[in-house]
Amino acid sequence: MGNSEQLSPYVIEKIKKSFTAQSMMATLGAKLVRLDLGHIDIEAPILTTSLQQQGFAHAGLTFAIGDSAAGYSALSLLPESHEVLTSEMKINLLAPGEGEKLIARGRVIRPGRRLIVVQSDVYALKDGQERHVALLTGTMVPVEISRN
């Protein structure tokens, strides 16, 4: 699952636990496939239950995994006492999502104490070839959590 030696074991476990708690990701069949400092990849199969009317991956699937990949990339940089919330996210749909699965590659563009600018590129995998289908840019807000 990627090269994670830069992340502390606590942060790795925190991201995995948080991802598992997202029922939306489970419904979509999404999986964490890369955990690196400031970079997170999520894959999801293009299921018959996540298609739009013309048979392509629904933009909701594209947005959901792109937003989560971007959010977890931000979380990977924060102190253990923090979580993130999406403040805003913009999506540019570049091409129809068709193939076996979508791959969202999230990364931090600019970290900050109050706002973290993030980006996700989403690719459709078809017959072993990746096609860039969406670009998401947004802002994450770090939120301090209480530890019990």
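Here is a short report on the structure shown in this document. (Residues numbered from 1 in each chain as written. Predicted model: local features only at pLDDT ≥ 70, side-chain atom pairs only at ≥ 80, totals over all residues. Heavy atoms only, no water.)

## What to know about the pattern of salt bridges
Next, step 1: With the rule as written, the count across this model stands at seven salt bridges.
Next, step 2: Of the charged contacts in the structure, one is a salt bridge between arginine 34 and aspartate 41, with a shortest N-O distance of 4.0 Å.
Next, step 3: Residue classification places aspartate 41 among the buried residues on the basis of a relative accessible area of 7%.
Next, step 4: The closest approach of N and O atoms between lysine 126 and glutamate 98, which form a salt bridge, is 3.7 Å. Remark: glutamate 98 occurs in the loop between strand S3 (82-93) and strand S4 (101-110) and lysine 126 occurs in strand S5 (residues 116-126); sequence separation between them is 28 residues.
Next, step 5: Since its relative accessible area comes to 37%, lysine 126 is described here as partly exposed. (Salt bridge = Lys/Arg side-chain N within 4 Å of Asp/Glu carboxyl O. Buried < 20%, exposed > 50% of the residue type's maximum accessible area, 1.4 Å probe, protein only. Helix = DSSP H or I, 4+ residues; strand = E, 2+ residues; numbered from the N terminus.)

## Topic: helix H3 (residues 59-75)
Next, step 1: Taking 1.5 Å as the rise per residue, H3 with 17 residues should run 24 Å; its terminal C-alpha atoms sit 24 Å apart, in good agreement.
Next, step 2: With 14 of its 17 residues buried, H3 lies for the most part within the structure. (Expected span 1.5 Å × (residues − 1).)

## Some words on helix H1 (residues 9-21)
Next, step 1: For H1, which comprises 13 residues, the first-to-last C-alpha distance of 18 Å matches the rise-based estimate of 18 Å (1.5 Å per residue) to within 8%.
Next, step 2: Taken together, the buried positions of H1 are occupied by Val11, Ile12, Lys14, Ile15, Ser18 and Phe19. Along the long axis of H1, the arc covered by the buried residues comes to 165°, so they all point the same way. Seen from the open side of H1, the exposed residues pointing more than 90 degrees away from its buried face are Pro9, Lys17, Thr20 and Ala21. (Arc of directions from axis to C-beta.)

## So, the nonpolar core
Next, step 1: In this structure, Ile15, Ile42, Ile65, Leu102, Val118 and Met140 are the most contacted members of the largest nonpolar core, which totals 38 residues.
Next, step 2: Ranked by residues supplied to this core, first place goes to H3 with eight residues.
Next, step 3: The contact partners of valine 118, leaving out residues within four places of it in the chain, are Ala70, Ser73, Ala74, Met89, Arg107, Val108, Ile109, Leu136, Thr137, Gly138, Thr139 and Met140. (Core = buried A, V, L, I, M, F, W, Y, C linked by side-chain atoms within 4.5 Å. Contact = heavy atoms within 4.5 Å.)

## So, the sheet that holds strand S6 (residues 129-144)
Next, step 1: In space, the six strands of this open sheet follow the order S1-S2-S4-S5-S6-S3, with antiparallel pairing throughout. Across the chains shown, the open sheet's two edge strands, defined by having one partner strand only, are strand S1 (31-36) and S3. Strand-to-strand twist in this sheet, taken as the mean axis angle between neighbours without regard to direction, amounts to 25°.
Next, step 2: Two strands pair when backbone bridges link them, and S1 and strand S2 (residues 39-45) are joined in this way by five bridges, in the antiparallel orientation. Looking at S2, one finds that leucine 35 is bridged to isoleucine 40.
Next, step 3: Lying over the sheet, H1 contacts S1, S2 and S3, oriented at roughly 160° with respect to S1. (Pairing = 2+ DSSP bridges. Axes fitted to C-alpha atoms, helices over the stretch in contact; angles between N-to-C directions.)

Distances and angles like these do not, on their own, reveal function.
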